[in-house]
Amino acid sequence: MLILTRKDIDQFYTMEDCIESVMEAFALSSSKKVKAPVRTKLTVEHVQGNALFMPGLVEEKGYLGAKIVSVFPQNSSKGKPVVNATIVMLDVETGEVKALIDGTYVTKMRTGAATGASIKLLARENVKIGVLFGTGGQSEKQLEAMIATRHFEEIRVVGRNFEKTLDFCEKMSLLIPEMKVKEDHKNVEITAYKDGNDAVAEADIIVLATTSTKGLFDGNLLKNGVHISGVGSYTKEMCEMDKTTVLTADKVYIDDRDSMLEEAGEFTQLIDQGIISEDFYTGEIGDLILGKVPGRENEDEITIFKSVGISAQDLVSAENIYRKAIELGIGQVIDFD
Ligand SMILES: NC(=O)c1ccc[n+]([C@@H]2O[C@H](COP(=O)([O-])OP(=O)(O)OC[C@H]3O[C@@H](n4cnc5c(N)ncnc54)[C@H](O)[C@@H]3O)[C@@H](O)[C@H]2O)c1
């Protein structure tokens, strides 16, 4: 069994690689080739913690595994991370466990890569201003995905706490030179903004990675041709885009229809109010990759991609990481015998 830590993965698996994995995952998911039963949730009452077990199989590709994620809110008072994840990969021929992978890191990578894939597929080529909402656990990889896929002059960051936003911008400015992205893309200014509306007015690409329960900006301010990637909301109560943004968009893509109808608050709230139908969207992003639905058709269209996250992203990314690690001889091998 191979154990792969964040440091191991970082040696060889780039955001560009992960975008490829995630595009494969979206296509497999929309082709209905992924067996992924509803996740099992166990609640540990005395600490109000939840442990989630998420298995997946793509038999024809030999992908078999599961992600275990725990969300234990009391951990923050103990100085420990609230969310912890591990991915277990199995050999599809023998059922033996073949790898144990840092799932917290893979989650950040593949969630960033979902945004990256949507930018690659849907955003205009020539962009100047990007905006990132959120400075939490996911935000670093969201920003890396933006820089990996387009050359921005400026990326504006908006958080709830301005001091934290300034710290995040400073940290990212120091990290960018080390990122494995195109050299000329590294020439980007990262600036902190207090007001989301000020930030989005000239934006070409907007990325949302927050826990917000209401729209983060006024949709009336959106410029023609903007692309929005929303990854934050995952319940009916959560929402990162206001009604105007959803209704103004020319094309809307989602990761998975059933999950969207359960978890994407910005859409389900409008569906429940009868403002949009369940079929309001253009297509799943996997169907766009498969050429079954159209993508951006001109420079003026406003496009949205909403991700709630699907297990195929973890499964395909983890398998590709495992295969490359074996090829390169990276990681620690453990034998149960
Ligand atoms: N789509 C996916 O596949 C996927 C994967 C992992 C996490 N997520 C979700 O993404 C969200 C962000 O994850 P995280 O780990 O970074 O969370 P986090 O708790 O570490 O950070 C949340 C961030 O949201 C910001 N925020 C909240 N309300 C805001 C507002 N009104 N304006 C500006 N910023 C605001 C906070 O300041 C903070 O920076 C969570 O809801 C998480 O569940 C989605």
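Here the structure is a predicted model, which is why all the values come from computation and not from measurement. For every chain, the first residue of the written sequence is number 1, and numbering continues from 1 along that sequence. It should be noted that, the model being predicted, local features are given only for residues of pLDDT at least 70 and side-chain atom pairs only at 80 or more, the latter also being counted only at that level, while totals for whole chains, interfaces and linings use all residues. Hydrogen atoms and water are omitted, and side-chain values are computed over all heavy atoms in the structure.

Once that is clear, we can look at the domain arrangement of the chain. The domain architecture assigned to the chain consists of domain 1 (2-106 + 312-333) and domain 2 (118-309). When each unit is reduced to the centre of its C-alpha atoms, the spacing between domain 1 and domain 2 is 24 Å. Across the contact, 18 residues belong to domain 1 and 20 residues belong to domain 2. The quantity reported as buried area is the accessible area (1.4 Å probe) lost by two parts once they are put together, taken as the sum for both. Buried area between domain 1 and domain 2, summed over both chains or domains, comes out near 1,500 Å², and the portion from carbon and sulfur atoms is 58%. The three residues of domain 1 that bury the most area against domain 2 are Met15, Phe26 and Ser30, which together make up 37% of that side's buried surface. Definition used for salt bridges: Asp or Glu carboxyl oxygen within 4 Å of a side-chain nitrogen of Lys or Arg. The interface formed by domain 1 and domain 2 contains 3 salt bridges. Salt-bridge contacts for Lys120 lead to Glu20; the nearest nitrogen and oxygen are separated by 3.5 Å. Here a polar contact is recorded for every N or O atom pair within 3.5 Å, except that within protein the pair must consist of a potential hydrogen donor and a potential acceptor, and residues adjacent in sequence are included only if both atoms are side-chain atoms. Taken together, the links from domain 1 to domain 2 amount to 4 residue pairs in polar contact (both at pLDDT 80 or more). Under the scheme used here, helices are H or I runs from DSSP no shorter than 4 residues and strands are E runs no shorter than 2 residues, and both carry numbers assigned from the N terminus. At the level of secondary structure, the elements contributing two or more residues to the side of domain 1 that touches domain 2 comprise helix H1 (6-12) and helix H2 (15-30). Per-element tally for the side of domain 1 that touches domain 2: the top contributor is H2, with 9 residues. An automatic or database domain assignment supplies the residue ranges for each domain. The contact criterion used throughout is that any non-hydrogen atoms of two residues lie within 4.5 Å.

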